[in-house]
Amino acid sequence: MTEFRPHDGGRTLPFIEAKNVSVIEDDCPNRALLRKTLYGATFGSIMHKPDNIRIYAHTQVYSCKMDRMKPEAEAGQIALKEERHQYILELLGSEGRVLAADLGSRYRVSEDTIRRDLRELASSGKIQRVHGGALPRRAEAVPFVSSQQIDMESKIGIARVAADMIRDGQVVLIDGGTTNLRIASYLSRERSATIVTNSPPLALALADHPKLSVLMLGGNFLKEARVTTGIETIRRVESIRADLCFLGMCSLHPEVGITVGDREEAYVKQAMIGASTEVVGLISLGKMGTSLPYLVGPASRLTRLITDASDEDVLNPYRFQGIEVTST
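Residues numbered from 1 in each chain as written. Predicted model: local features only at pLDDT ≥ 70, side-chain atom pairs only at ≥ 80, totals over all residues. Heavy atoms only, no water.

### Brief notes about the overall build of the protein
Turning to step 1, where the next piece is worked out: Scanning the protein for helices and strands turns up eleven helices and 24 strands.
Turning to step 2, where the next piece is worked out: Put simply, the protein has 328 residues, and 46% of those count as buried.
Turning to step 3, where the next piece is worked out: Approximately 16100 Å² of the protein is accessible, and the part contributed by carbon and sulfur atoms is 48%. (Helix = DSSP H or I, 4+ residues; strand = E, 2+ residues; numbered from the N terminus. Buried < 20%, exposed > 50% of the residue type's maximum accessible area, 1.4 Å probe, protein only. Areas by Shrake-Rupley, 256 points an atom, 1.4 Å probe, with all protein chains shown as cover.)

Structure (structure tokens):
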């Protein structure tokens, strides 16, 4: 393969000459960039030559991170506001944050234009605006009682899959949360295991199960989330070696990681991850790609993810981190 740079109407264009090469459609998951590509480069006009040689006008180059395309835009290429917005959202999804100054340089537009774009995206709830740039959209902090009425069908499907994972003789840590609470409804009455939980509602839901042992973790009661937290809870968790942990998921982003809205709750989740052989996150689509103030850990601390999300663009960034993903 050779590269040369002829002139076209006074404008120098990068060209690549290749023998016996097929042009393939872009197989990266960025649906907004469906252009013909060859080895990660985007090509415009194709001029045929004898002897099975083709000339490709090289119009734009992309770098891929975890199969997500990140455009290095040329001047004037994304003058349309809607296209800029799409690029910003895609970059935020792949990198976890964006800076206004970097966006202005990347897309060859003024910082004032980028700031307007970020304000509009924030006002529509698509991003979280911060000084100098933006973060993934912020998850809503929903009280436990209200959360029980949200995404009910999705939670049922996720809980069914989770319940089927529990085996006889296992020690299973089950974190708080309305999705985790539904696991109790789908556990076989013949299942014999030990359930350890910091969720009083879950402990009560399992009270009549004939063969399960239930260990309730003490501590400070966090009313909004209906869970126990604090040093006493953490110490009890650290004294256990669990086969399996179902982690309550308030928010998840492939780059930012697992986050929650309460610092004490973050500490308990960290302890649960550290005490478990397998860590399973249960999360509905609406909470994915979001962030909250307190970091539990990187997404890669999960060994498996069970979700109602089905879009491969959403799921692949987790698979690339070695997480087994089950879509319900």
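### Focus on the pairing of strand β20 (residues 257–260)
Turning to step 1, where the next piece is worked out: Across three bridges, strand β19 (residues 251–253) lies against β20 in antiparallel orientation. Looking at the pairing, H253 lines up with G257 of β20.
Turning to step 2, where the next piece is worked out: Between the antiparallel neighbours β19 and β20 lie three residues.
Turning to step 3, where the next piece is worked out: As judged from the three bridges shared by β20 and strand β22 (residues 294–297), these two strands associate in the antiparallel manner. Note that in β22 the partner of T259 across the bridge is L295. (Pairing = 2+ DSSP bridges.)

### So, the sheet that holds strand β12 (residues 133–136)
Turning to step 1, where the next piece is worked out: As summarised here, the arrangement of the three strands in space is β10-β12-β11, forming an open sheet in which the pairing is antiparallel. The open sheet terminates on both sides in strands that have one partner only, identified here as β10 (98–99) and β11 (127–130).
Turning to step 2, where the next piece is worked out: In the sheet, β11 pairs with β12 via four bridges, with the strands oriented antiparallel. Among the inter-strand pairings, V130 is bridged to a residue of β12, identified as G133.
Turning to step 3, where the next piece is worked out: Of the strands in this sheet, β10, β11 and β12 are in contact with helix α3 (residues 111–123), which crosses β11 at around 130°. (Contact = heavy atoms within 4.5 Å. Axes fitted to C-alpha atoms, helices over the stretch in contact; angles between N-to-C directions.)

### Re the nonpolar core
Turning to step 1, where the next piece is worked out: The biggest cluster of nonpolar side chains holds 31 residues, and the ones touching the most others in it are L173, L247, L252, L302 and L305.
Turning to step 2, where the next piece is worked out: For this core, the elements supplying multiple residues, two or more each, are α9 (231–238), β18 (242–248), β20, α10 (263–274), β21 (276–283) and α11 (312–319).
Turning to step 3, where the next piece is worked out: Look past the residues within four positions of L252 in its chain and what remains in contact with it is G257, I258, I283, K287, M288, G289, T290, A299, L302, L305 and Y318.
Turning to step 4, where the next piece is worked out: Core analysis: the next-biggest nonpolar cluster, separate from the first, contains 22 residues, I158, M165, V280 and I306 among them. (Core = buried A, V, L, I, M, F, W, Y, C linked by side-chain atoms within 4.5 Å.)

### Some remarks on the sheet that holds β22
Strand pairing in a sheet takes place through backbone hydrogen bonds and is either antiparallel or parallel in direction.
Turning to step 1, where the next piece is worked out: Read from one edge to the other, the open sheet built from three strands follows the order β19-β20-β22, with strand pairing classed as antiparallel. The open sheet has two edge strands, β19 and β22, and neither has a second partner. Each strand axis lies, on average, 35° off the axis of its neighbour in the sheet, ignoring direction.

### Comments concerning the packing of α9 against α10
Turning to step 1, where the next piece is worked out: The contact between α9 and α10 brings their axes to 9 Å, and the two run at 5°. Overall, the two elements α9 and α10 adopt an arrangement that is roughly parallel. In this structure, α9 uses T233, I234, V237 and E238 to contact α10, whose residues at the interface are Y267, V268, A271 and M272.
Turning to step 2, where the next piece is worked out: Its residues placed into classes, the contact of α9 with α10 shows six nonpolar, one polar and one charged. (Parallel < 35°, antiparallel > 145°, perpendicular 65-115°, else oblique. Nonpolar A, V, L, I, M, F, W, Y, C, P; charged D, E, K, R; others polar.)

### With respect to the packing of helix α2 (residues 100–107) against α3
Turning to step 1, where the next piece is worked out: As a packed pair, α2 and α3 sit with axes 9 Å apart at the nearest point and diverge in direction by 115°. With respect to the hand of their crossing, α2 and α3 are arranged in right-handed fashion. Residue-level inspection shows A100, A101, L103, G104 and Y107 of α2 in contact with α3, the latter providing E111, I114, R115 and L118.
Turning to step 2, where the next piece is worked out: Its residues assigned to classes, the contact of α2 with α3 comprises six nonpolar, one polar and two charged. (Left-handed = near helix turned anticlockwise from the far one by under 90°.)

### Details of the pattern of salt bridges
Turning to step 1, where the next piece is worked out: Enumeration over the complete set of coordinates arrives at eight salt bridges.
Turning to step 2, where the next piece is worked out: The residue E111 makes a salt bridge to R115 at a minimum N-O spacing of 3.3 Å. Of the two residues, E111 and R115 are both situated in helix α3; the distance of four residues between them amounts to about one turn of the helix.
Turning to step 3, where the next piece is worked out: According to the relative accessible area criterion, E111 is partly exposed, its value standing at 36%.
Turning to step 4, where the next piece is worked out: Across the salt bridge formed by R319 and E312, the nearest N and O atoms sit 2.7 Å from each other.
Turning to step 5, where the next piece is worked out: Residue classification places E312 among the partly exposed positions, given a relative accessible area of 36%.
Turning to step 6, where the next piece is worked out: Via salt bridges that share partners, E111, D112 and R115 belong to a single interconnected network. (Salt bridge = Lys/Arg side-chain N within 4 Å of Asp/Glu carboxyl O.)

### So, the environment of Q321
Turning to step 1, where the next piece is worked out: Mapped onto the secondary structure, Q321 falls in the loop between α11 and β24 (324–327).
Turning to step 2, where the next piece is worked out: A residue is classified by how much of its surface remains accessible, and Q321, at 24% relative accessible area, is partly exposed.
Turning to step 3, where the next piece is worked out: Here the alpha-carbon distance between Q321 and R301, two residues 20 residues apart in the chain, equals 9.4 Å.
Turning to step 4, where the next piece is worked out: A polar contact is formed between the side chain of Q321 and the backbone oxygen of P254, at a distance of 2.9 Å. (Polar contact = N/O pair within 3.5 Å; in protein donor to acceptor, adjacent residues only side chain to side chain.)

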